[in-house]
Amino acid sequence: MFYSFARIIVRFLVFLINGNAHYLHTERLPKGNFILVGPHRTWFDPIYFALAASPKKFTFMAKKELFKNPVLKFILVHANAFAVDRDNPGPSAIKTPVKRLRKTDLSLILFPSGTRHSEQLKGGAALIAKLANVPLVPVIYQGPLTFKRLFTRKPVKIAFGEPIYLDRKAKLDDEAQKQVEQQMQSAFDALDYAVDPAFKYVDVSKKVKEIDSKKSSE
């Protein structure tokens, strides 16, 4: 109930702030549960992913520090989030999403790179998909990269790729995991090119830090 109500409020706020969202290839979303995987480009891209895949509901990981605030913890818990220690992720980082994917009607939003400032894909997505027996669905965000720029009403585009199905009987060794990571990256690249061949992601935070570092050294 809380998730559905919150989604209505968020959809309204997002429309007021930007009002220029385009959701592409939603017909590719499979029936049943799945894992949305995409490059993490801004703090609000998971919000757009969830809205684009509506009416499907999602669970997602959030760093454990966010749960220390009682008000924020209440919101996160009721929005289907679960805490993860990003520095030392334990077995629950795999067990919790697998359990939710298998036992509830919740799908999962997961960023294989882990953070917005990492381009290195990690193997957790493939392992969770295999154990839960659900497909990985590539998704990309193209649009303003800061909250302030959303108000310019420049287009936001969310595009879904074809589902990637893993063989539950096949061994998920390092080589197989690497192949899945290559499939995901190829899907991200293909989606980016299809939406806008000239698109090139620039990490705004890194760029600002580089400018500040350059100024301090002068």
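Below, the structure is looked at part by part. (Residues numbered from 1 in each chain as written. Predicted model: local features only at pLDDT ≥ 70, side-chain atom pairs only at ≥ 80, totals over all residues. Heavy atoms only, no water.)

1. Observations concerning the overall build of the chain
Then, number 1: When helices and strands are tallied, the chain shows eight helices and seven strands.
Then, number 2: Going through the 218 residues of the chain one by one, you find that 39% of them count as buried.
Then, number 3: Partitioning the contacts of the chain with sequence separation of at least 6, the portion at a separation of at least 24 is 75%.
Then, number 4: Counting only carbon and sulfur atoms, one obtains 57% of the accessible surface of the chain, whose full area is about 12900 Å². (Helix = DSSP H or I, 4+ residues; strand = E, 2+ residues; numbered from the N terminus. Buried < 20%, exposed > 50% of the residue type's maximum accessible area, 1.4 Å probe, protein only. Contact = heavy atoms within 4.5 Å. Areas by Shrake-Rupley, 256 points an atom, 1.4 Å probe, with all protein chains shown as cover.)

2. Some points on a positive patch on the surface
Then, number 1: A cluster of basic residues, K99, R102, K103 and R168, forms a positive patch on the protein surface.
Then, number 2: Relative to the helices and strands, R168 is located in the loop between β7 (156-160) and α7 (174-195). (Patch = residues over 30% accessible without salt bridge, like charges linked within 9 Å, V, L, I, M, F, W, Y side chains within 5 Å. Salt bridge = Lys/Arg side-chain N within 4 Å of Asp/Glu carboxyl O. Lys, Arg positive; Asp, Glu negative; His and termini not counted. Charge placed at Lys NZ, Arg CZ, Asp CG, Glu CD.)

3. Regarding a nonpolar patch on the surface
Then, number 1: On the surface, F5, I9, F12, L13, F15 and L16 cluster together into a nonpolar patch covering about 640 Å² of accessible area.
Then, number 2: Relative to the elements of secondary structure, L16 occurs in helix α1 (residues 2-17).

4. Some details on the side chain of K56
Then, number 1: Assignment of secondary structure puts K56 in the loop between α2 (45-52) and β3 (58-63).
Then, number 2: Although K56 is buried, it forms no salt bridge, and the closest oppositely charged side chain is D105 at an N-O distance of 5.9 Å.
Then, number 3: Within the local environment of K56, its side chain forms a polar contact with the side chain of N33, the two groups lying 2.6 Å apart.
Then, number 4: If we skip the residues at most four places from it in the chain, K56 touches Y3, R7, G32, N33, F34, A50, D105, L106 and S107. (Polar contact = N/O pair within 3.5 Å; in protein donor to acceptor, adjacent residues only side chain to side chain.)

5. Observations concerning the sheet that holds strand β5 (residues 107-110)
Then, number 1: Strand order in the open sheet formed by seven strands is β1-β7-β6-β2-β5-β3-β4, and the pairing between neighbours is mixed. Whereas interior strands pair on both sides, the edge strands pair on one side only; in this sheet they are β1 (21-24) and β4 (81-84). Taken over all neighbouring pairs, the strand axes of this sheet differ in orientation by 25 degrees on average, direction set aside.
Then, number 2: Bridge count between β1 and β7: four bridges; the pairing is parallel. Bridge pairing links Y23 to I158 in β7. (Pairing = 2+ DSSP bridges. Axes fitted to C-alpha atoms, helices over the stretch in contact; angles between N-to-C directions.)

6. Focus: the packing of aromatic side chains
Then, number 1: Overall, the coordinates contain nine aromatic pairs when judged by the stated rule.
Then, number 2: With a centroid separation of 6.0 Å and an interplanar angle of 35 degrees, the aromatic rings of W43 and F147 are classed as tilted. With W43 in the loop between β2 (35-37) and α2 and F147 in helix α6 (residues 147-150), this pair connects stretches of sequence that are 104 residues apart.
Then, number 3: Exposure remark for W43: the relative accessible area of 46% places this residue in the partly exposed category.
Then, number 4: A residue is classified by how much of its surface remains accessible, and F147, at 36% relative accessible area, is partly exposed.
Then, number 5: Plain terms: the ring middles of Y48 and Y141 are 5.9 Å apart, the flat faces sit at 50 degrees to each other, and that makes the pair tilted. (Phe/Tyr/Trp six-rings, centres within 6.5 Å; stacked < 30°, edge-to-face > 60°.)

7. What about the nonpolar core?
Then, number 1: By size, the foremost hydrophobic cluster in this structure holds 25 residues, and its most contacted members are I35 and L136.
Then, number 2: Excluding its chain neighbours within four sequence positions, the residues that come into contact with I35 are L101, L108, L110, A125, I128, A129, V134, P135, L136 and V137.
Then, number 3: Membership of the second largest hydrophobic core comes to 24 residues, among which are A50, F58, L150 and F160. (Core = buried A, V, L, I, M, F, W, Y, C linked by side-chain atoms within 4.5 Å.)

8. Overview of helix α4 (residues 92-103)
Then, number 1: In this model, α4 (twelve residues) spans 15 Å end to end at C-alpha, consistent with the 16 Å of a helix rising 1.5 Å per residue.
Then, number 2: Looking only at α4, the buried set comprises A93, P97, V98 and L101. Taken end-on, α4 shows its buried residues confined to a sector of 110 degrees, consistent with a single buried face. Of the exposed residues in α4, those oriented more than 90 degrees away from the buried face are K95, K99, R102 and K103.
Then, number 3: Elements that come into contact with the buried residues of α4 comprise β2, β3, β4, β5 and α5 (124-132). (Expected span 1.5 Å × (residues − 1). Arc of directions from axis to C-beta.)

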